Amino acid sequence: MNNSLFGESGVQLTLLLILIPILAGLVIAVIRTYGTYKDLQIRRELQDIHNKIKELTPEEVEQYKRREKELEYRIPENELSGNLPVMDQKGIITNINTVEEIRAIPHKNSEVKDAVVTPQLGKLVLYFLGFSVLWLIIATTVGEYLGIKFVAPDADHVSWLSFGRLRPVHTNMVFWGWASFAMVGFAYYVIPRVSNVDLFSIKLGWATFYLMNAAVLLGTISLMAGINNAGGEYREYIWPFMTLFALGIGILLYNLLMTIARRTTQEIYVSNWYIVAAVIYVIVILLVGYLPFWQHGLGETIVQGYYMHQGVGMWFMFLNLGLMYYFLPLQLNKPIYSYSLGILAFWTQILFYTLIGSHHFIFSAIPWWMQTVAIVASVGMVIPVVAGTTNFLLTFNGSWYKLKNSYTLPFYLIGILFYFSGSLQGTVEAFRFTNLIWHFTDFTVAHSHMTMYGIITFMLWAFTYTLVPRLTGKEPPKFWVGIHFWLALVGVLIYITSLMIGSTEKGLLWMAKKPFIESVVIMAPYWLWRAVGGTMMWISHLIFAYNFYKMVSKKPEIVIPRTPKEILKAKKQLQNTEFIPTK
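The text that follows walks through the structure, step by step, so that each part is easy to find. (Residues numbered from 1 in each chain as written. Predicted model: local features only at pLDDT ≥ 70, side-chain atom pairs only at ≥ 80, totals over all residues. Heavy atoms only, no water.)

So, the nonpolar core
Phase 1 of the analysis: Ranked by size, the top nonpolar core spans 150 residues in total, and within it Trp176, Tyr188, Trp315, Phe327 and Phe463 carry the most contacts.
Phase 2 of the analysis: When residues in this core are grouped by element, the largest group, 19 residues, is from helix H5 (residues 163–195). (Core = buried A, V, L, I, M, F, W, Y, C linked by side-chain atoms within 4.5 Å. Buried < 20%, exposed > 50% of the residue type's maximum accessible area, 1.4 Å probe, protein only. Helix = DSSP H or I, 4+ residues; strand = E, 2+ residues; numbered from the N terminus.)

Right, here's the structure in full:
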């Protein structure tokens, strides 16, 4: 059985794809370690030089001063040409004062406020991001408790805290709270920027904010009280509360479209394509998922597959890709590698992703042709995924050296690599043999964290660390950003790897028709490792919340002057305030 398992191409590809983010993390760790080693070498060299400087004789000091004056000498600009007027009789120099290309990417400057954004828009964006952080902390605290329950199922006996109620609280709050709030906040920033106009209506932006918050808050309370839609995964909120969310998204769509309609740029940048399409799709998804007309028999199952997968791929993934096409060039201070690859990925994702929902129900009562279409479309997803990944990585080309000293770019890189590996792992999981092993096991949970966490969450963190300092003029503590990155990356790798290994063993036991309780017993150590990885992820979220607070806090920082420049500046300030005349 084991020989036939590892001989399957689907299993082999899955192992290969899991290794990609692991190897990337190791490479980043080696680069950082080497950088630390080089820094120590430089410090030792500097100490040696300082010792030599202390022992310089007066004659040697005089020689250095004389040489310094010699090096400071500059040839006068008219040394060679004299005082003759500048002329271009042959017409060799032309158009030296014009720039032909379109410069859509603003100059990177993370240490001062973004003067282009109005205070009203900046406040709106920061509130969306702030509440997204709040929902992330609450949602993953619930998730942490659920992970503990796998190890200690008798932790409580309160109905509101039962696993069946808290699990949808966790998933829906991550979906509609953390990720959706962050994406909408970023969309309200990106659309006006690339359109070169102000947001159409700040008031409508706040309406979206309040409606989305009301939906998440009321939906969470109702789920804990045992009131749910009972219509499938990720649509447990009852329809009145999801109507509030849909109204907020409808207002968002109108606000964005009116902003784009008033643009001063000739073309519509690719980010706008993705963002607006994602907003349109989530409205369609909610209508399909909640209207009752086709929710009968197998129709309900097919709708569930459509709703669940389109929510991930055409709302979260699509909108995040649009944000990536803006923020990655902004962070690297260079244009996206290929506009054409972005458009190719856009249309092929619309073509293939909208057909793959039924690959969650292979070997079910759903028509065989529909299952086959879903598998073929899953393979077709290789096109947009490879096109997008290639585009992002080639945008990195020539800027890889920036990874060494950047606290933001590692989040981008890991998000891109998870986009490639997680998406293609989903393609492989759609194959009939791999689906036979892994479906209905914890492997699906591992895959969802590989995508929603490895792709969506890492990208949103990257965008947050890129944008918020530009809005507030304050950067996060770099040390804690590094701790956040490594805890999150190592934690999610432990989480998904343990569940994938355990789920494979569980699936093989089921295929061998062993008693179900054996699969429960065999998962116990893997659930423990799931809790360990989940705890690391949860701690990283608390650190992220602290970093966000440091970026938005209005409390002035106390800086102790240590360098000569800082000491002289402090002395000047003290002199200006020491003798203030008073009446």
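That covers the picture; the talk isn't over yet.
Here's the deal with a nonpolar patch on the surface
Phase 1 of the analysis: Nonpolar side chains collect at one region of the surface, where Val158, Trp160, Leu161, Leu217 and Ile221 lie side by side and expose about 420 Å² of accessible area between them.
Phase 2 of the analysis: Relative to the helices and strands, isoleucine 221 is located in helix H6 (residues 202–224).
Phase 3 of the analysis: For isoleucine 221, a relative accessible area of 44% puts it in the partly exposed group. (Patch = residues over 30% accessible without salt bridge, like charges linked within 9 Å, V, L, I, M, F, W, Y side chains within 5 Å. Areas by Shrake-Rupley, 256 points an atom, 1.4 Å probe, with all protein chains shown as cover. Salt bridge = Lys/Arg side-chain N within 4 Å of Asp/Glu carboxyl O.)

Some details on unusual backbone geometry
Phase 1 of the analysis: Positive phi values are uncommon outside glycine, yet phenylalanine 440 reaches one of about 70°.
Phase 2 of the analysis: Residue position: phenylalanine 440 is located in the loop between helix H14 (432–438) and helix H15 (443–472).
Phase 3 of the analysis: Since its relative accessible area comes to 68%, phenylalanine 440 is described here as exposed.
Phase 4 of the analysis: Notably, lysine 513 is not glycine yet its phi reads approximately 60°, a positive angle.

What to know about the pattern of salt bridges
Phase 1 of the analysis: Across all of its chains, the model carries four salt bridges by this definition.
Phase 2 of the analysis: Taking the shortest distance from any N to any O, the salt bridge between lysine 149 and aspartate 156 comes out at 2.9 Å.
Phase 3 of the analysis: Under the relative-accessibility criterion, lysine 149 is labelled buried at 9%.
Phase 4 of the analysis: One salt bridge in this structure joins arginine 167 and glutamate 233, with 2.5 Å as the shortest N-O distance. Of this pair, arginine 167 sits in helix H5 while glutamate 233 sits in the loop between H6 and helix H7 (239–261), and the two are 66 residues apart along the sequence.

A word on the packing of H5 against helix H9 (residues 298–332)
Phase 1 of the analysis: As a packed pair, H5 and H9 sit with axes 10 Å apart at the nearest point and diverge in direction by 40°. What the angle tells us is that H5 and H9 run oblique. Where H5 crosses over H9, the two elements pack in a sense that is left-handed. Facing Phe175, Trp176, Ala179, Ser180, Met183, Val184, Phe186, Ala187, Tyr189, Val190, Arg193 and Val194 of H5, the residues of H9 in contact are Tyr307, Val312, Trp315, Phe316, Leu319, Asn320, Leu323, Tyr326 and Phe327. (Axes fitted to C-alpha atoms, helices over the stretch in contact; angles between N-to-C directions. Parallel < 35°, antiparallel > 145°, perpendicular 65-115°, else oblique. Left-handed = near helix turned anticlockwise from the far one by under 90°. Contact = heavy atoms within 4.5 Å.)

Interpretation note: all reported values are geometric properties and have no functional meaning in isolation.
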